[in-house]
Amino acid sequence: MIYEISFNISVPVIATEDIHLDGIFYAVSPAAHNKNIHLTRLTHSCDVPDLPIPIDCLYKDGCYIYCCSTAEFINGQRITDTMTKRKDGIDYMYYHSQKTPKKGIDKDWLIKLYGVCCEQVRFLVSSSNYNALARYVRRIHSIGGLRKQGYGEVVGYDIVPRSDLTYKDCVIENGRAIRNIPQKMLTRSCSASVRIRPPYWLLDGKLPCATVGEPAELREDVALHEFKR
């Protein structure tokens, strides 16, 4: 079954890259916390376990992706903001200090942020287990980057069945990709190399793909595998 998930947002979402629903599910998955997984940008893909999130998958020749879209911002407007960040690990040194260094390696950083001010963030997803899907959605309290700083706060959500759509509508809309789709699932070649599964910020495991907004058409032998749990 296809569902449209809408998150009501109260503050801007920091979004320097496309936000994938499966990436959000990985972030809130109980399995990730139970395994005490520690990842860095240099972690190898083979060291990242596949988590049992309630999203159906598309398969082709041993390659799979989760059948869900990236974020669609409703009534969104691009914004910029700034934040001050002290050098990691030394904040406690200045807790009672009256001033901080103005130069040198201990100088505070003024970081420019890029985000979206919007009313809602929407996703399309194919799932064969509504109850499990709803449990994961309830665990999502914020979306995007800098969530610990209060950005992207979720204040409500809706899950609406979309019987008018098929699983293909979760990855391609009007002939264009709405998520990263590997080249072997498409009828055309691709020039960009990106990750196809979470965590999307890893440097390893990139494949030739159609990225969000590029022309795309699925091959006929791409199969849908439903989530079984």
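Rules and cut-offs
- Residues numbered from 1 in each chain as written.
- Predicted model: local features only at pLDDT ≥ 70, side-chain atom pairs only at ≥ 80, totals over all residues.
- Heavy atoms only, no water.
- Pairing = 2+ DSSP bridges.
- Helix = DSSP H or I, 4+ residues; strand = E, 2+ residues; numbered from the N terminus.
- Axes fitted to C-alpha atoms, helices over the stretch in contact; angles between N-to-C directions.
- Contact = heavy atoms within 4.5 Å.
- Phe/Tyr/Trp six-rings, centres within 6.5 Å; stacked < 30°, edge-to-face > 60°.
- Buried < 20%, exposed > 50% of the residue type's maximum accessible area, 1.4 Å probe, protein only.

**Describing the sheet that holds strand S12 (residues 181-182)**
An order of S12-S14-S13 is seen for the three strands of this open sheet, with the pairing classed as antiparallel. The two strands at the open ends of the sheet, each matched to only one other strand, are S12 and strand S13 (192-194). Strand direction decides the pairing type here: S13 and strand S14 (residues 207-210), joined by three bridges, are antiparallel. In the sheet register, Ala192 faces S14, and the bridge partner there is Cys209.

**Focus on the sheet that holds strand S1 (residues 2-9)**
Taken in spatial order, the four strands line up as S5-S8-S1-S9 in an open sheet, and their pairing is antiparallel. Each end of this open sheet is capped by a strand with a single partner; those strands are strand S5 (72-74) and strand S9 (154-161). For this sheet the average axis-to-axis angle between neighbouring strands, irrespective of direction, equals 25°. Across the sheet, helix H3 (residues 130-138) touches S1, strand S8 (120-126) and S9, and the angle it forms with S9 is around 165°.

**Re the packing of aromatic side chains**
Tallied over the full model, the rule gives six aromatic pairs. Aromatic side chains Phe25 and Tyr136 sit 5.3 Å apart centroid to centroid with 35° between the ring planes, which places their arrangement in the tilted category. On the criterion of sequence distance, the pair formed by Phe25 in helix H1 (residues 21-28) and Tyr136 in helix H3 is long-range, its members being 111 residues apart. Its relative accessible area of 0% is what places Phe25 among the buried residues.

**Observations concerning unusual backbone geometry**
Between Pro198 and the following residue, Pro199, the backbone shows a cis peptide bond with an omega angle of -10°. If you trace the backbone, Pro199 turns up in the loop between S13 and S14. Although it is not a glycine, Asp61 sits at a positive phi angle of roughly 50°. Here Asp61 is to be found in the loop between strand S3 (57-60) and strand S4 (63-66). Under the relative-accessibility criterion, Asp61 is labelled exposed at 60%. At Leu146, a residue that is not glycine, the phi angle is positive and equals roughly 55°. Its location among the elements puts Leu146 in the loop between H3 and S9. Given a relative accessible area of 28%, Leu146 falls into the partly exposed group.

Read these as spatial facts, not as claims about activity.
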